[in-house]
Amino acid sequence: MYKKVNASLDFTARETETLEFWKNADIFKKSRALHSGQTPFTFYDGPPTANGKPHIGHVLSRCYKDIILRYKTMKGYDVLRKAGWDTHGLPVELEVEKLLGLDGKEQIEEYGVEPFIAKCKESVWKYVGDWESMSDRVGFWADMEDPYVTYHNDYIESIWWSIKRIHEQGLLYKGHKTVPYCPRCGTALSSHEVAQGYKLVTDDTVSVAFKAKGMENTYFLAWTTTPWTLPSNTLLCVNAKELYAKAQKEGDERVYILAKALAGKVLGEGVKILEEIKGEALLDIEYEPLFPFQEALAGNKRAWFVVSDPYVTLEDGTGIVHIAPAFGEDDARIGRQYDIPFMQLVDSKGNMAGGTLWDGMFVKDADIKITEYLKERGVLIDSTPYEHNYPFCWRCDTPLLYYARSSWFIKMTAVKDKLVRFNRSIEWLPDNIKEGRMGNFVENVVDWGLSRERYWGTPLPGWECECGHIHT
C-alpha cells in the first residue's frame, strides 16, 4: 500500500532535514562500520579538478556513482568510498597564468618555475568548498576527510610503480611521433582531448603543380588543405592501383598528371585527356621542389619523387597527396618507409622557421603568403574555400597542429586483443555499448602518448642513456 503524499509537502525542506540527520547521527560512518570485514567493493572516485566549479553534469555523475555504491552496500559489501582530487594539468596552469598575467612558457620561466608551481598548488583548492557542498547536497557519500590527492607523494609514487610495471612488460617507449599539438600551450593532446575541440571552419585549399623531371612541360598536380606544410614537402604519393591521366586544361599548354576520375573536377569541363596511366607506372619519377631553400635541407638523403600508398583515395583533391613527414601520421609512416629527409620547418610555437621565406609567421597566417608566392610562380592551379572540421585546443582555443614531437608512449596496440576480449566479457547496460561506443574505441585503439611538456604534473620516472637504454 502506498501512502498518499500531501501536495503541499516541501521536498527541499525534507531533503535538508534528512541531510542534517545523517550528519548529526554520523550515518555515513555507521553504514561503513556495519559491513566492516565483509567482501570488499572498492571505489575510487574519478577525481574532479577542484579549481573549477561543479556543474549539472557533475551532479548527474555523482548520482550515478552513488546509486551503485548504495546498491552494493545493501547487498552486504564492505564498500570503500574513496574521494579524490585531480590537482594537476593544464587547466590549473592556465588559471594561474591568467592570475599572474602571464602568457606562455617563456613568461612562466621568466617568472620562475618553482614559484609558479607553488601558485598552482594554491590554485587547485579554489572551489573545494563548492564541491563538498554540492556533494553533500545531492546525498553523495564519499570519504572527503581522507581523499587521495594527485600531487601527494604517495599518489605520485603509485603512478611511478604503474609506469615501471608497464616498462617491465615492454609496453613503454619513447619516440618521435606525429601528435595533435597545441603551439600556445606547448604540449601534445590525447585523442580524448582533441575530440573536445573540433570546429567547423573554412580554409583555402590549393592545387599545386610540381614540375616532373625529365618530362617536358609536365607537372604533377597535388592538393592540400594546409599550404603551410608545402615548404616541408619531400614526396608525392599516388595509389598504384588507381587510374591516372596526362591531361590539359583548356587554354593551358602544360600537361598535368592527376587521377583520371578527378580531371574534370580539377581542370574544368574542357579538360583534354592525352594519355591514361596506371598509378604504378608513376612510381619513382622525380620532381622539382617548390621552393629554392628546400634542396639544401635534404642532406645526403633522396627526396622529391613519387611513391604509392593505399591510403590515397579519389574522394577529394587530385588523387595525388603531398607528403610532409613532420606534419601528419600517414606522412610520417610513409616517410619512415622510404627513409626520406625529415624537414620540420615550423617551430614549437607554430611559427614558420628553418630558412623559409616566412620565418616567424604563424602557420595559419603563412597560408595566405605561401599561396600568393605559388601564384606568382605560376604553379598555383586552383585555390578554393573548403569547409571542414578542424581541431582546436579545448583549453585555449588555438588551432592544433599535427606535429612530430618526442614523447613517451604506452604501446596500447600491443594489448588490443586483450582489451577487445575483456570488453566482450562485460555485461553492458545498455548492451549496444559493448560493440558500439566502447567496442569501437578498443577496436581502434592507438598507442597512448602520456607525456606532457608542461610544469604542473606528475614527473615521469624515465631516464634514458645516450646508448638508448631506458631505466624506470
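Please read all numbers here as calculations on a predicted model, not as lab measurements.

A. Broad picture of the packing of aromatic side chains. Under the definition given, this model contains 23 aromatic pairs. Consider the rings of Tyr151 and Trp456, whose centres lie 6.0 Å apart with planes at 50°: the pair is tilted. Remark: Trp456 occurs in the loop between strand E16 (448–449) and strand E17 (463–464) and Tyr151 occurs in the loop between strand E3 (143–149) and helix H8 (153–168); sequence separation between them is 305 residues. Just as Tyr151 is buried, Trp456 falls in that class too. For the pair Phe210 and Tyr287, a centre-to-centre distance of 5.4 Å together with 85° between the ring planes defines the contact as edge-to-face. Of the two residues, Phe210 sits in strand E6 (residues 198–211) while Tyr287 sits in the loop between strand E11 (272–278) and strand E12 (305–308), which places them 77 residues apart along the sequence. A residue is classified by how much of its surface remains accessible, and Tyr287, at 0% relative accessible area, is buried. What links up through ring pairs into an aromatic cluster is the set Trp85, Trp125, Trp131, Tyr151 and Trp456. Lying over the aromatic face of Phe392, Lys199 brings its terminal NZ or CZ to 4.7 Å of the ring centre. Above the face of the Tyr219 ring, Lys211 is positioned so that its terminal group lies 5.9 Å from the ring centre.

B. Structural context of the sheet that holds strand E5 (residues 187–188). Ordered by their spatial adjacency, four strands build an open sheet running E5-E4-E15-E16, and the pairing between neighbours is antiparallel. Edge positions in the sheet fall to E5 and E16, since each of these pairs with one other strand and no more. Sheet topology note: the strand E15 (residues 401–410)/E16 ladder contains two bridges and is antiparallel. Looking across to E16, one finds that Phe409 is bridged to Gly449.

Rules of the game
Residues numbered from 1 in each chain as written. Predicted model: local features only at pLDDT ≥ 70, side-chain atom pairs only at ≥ 80, totals over all residues. Heavy atoms only, no water. Phe/Tyr/Trp six-rings, centres within 6.5 Å; stacked < 30°, edge-to-face > 60°. Helix = DSSP H or I, 4+ residues; strand = E, 2+ residues; numbered from the N terminus. Buried < 20%, exposed > 50% of the residue type's maximum accessible area, 1.4 Å probe, protein only. Lys NZ or Arg CZ within 6 Å of the ring centre and 35° of its normal. Pairing = 2+ DSSP bridges.

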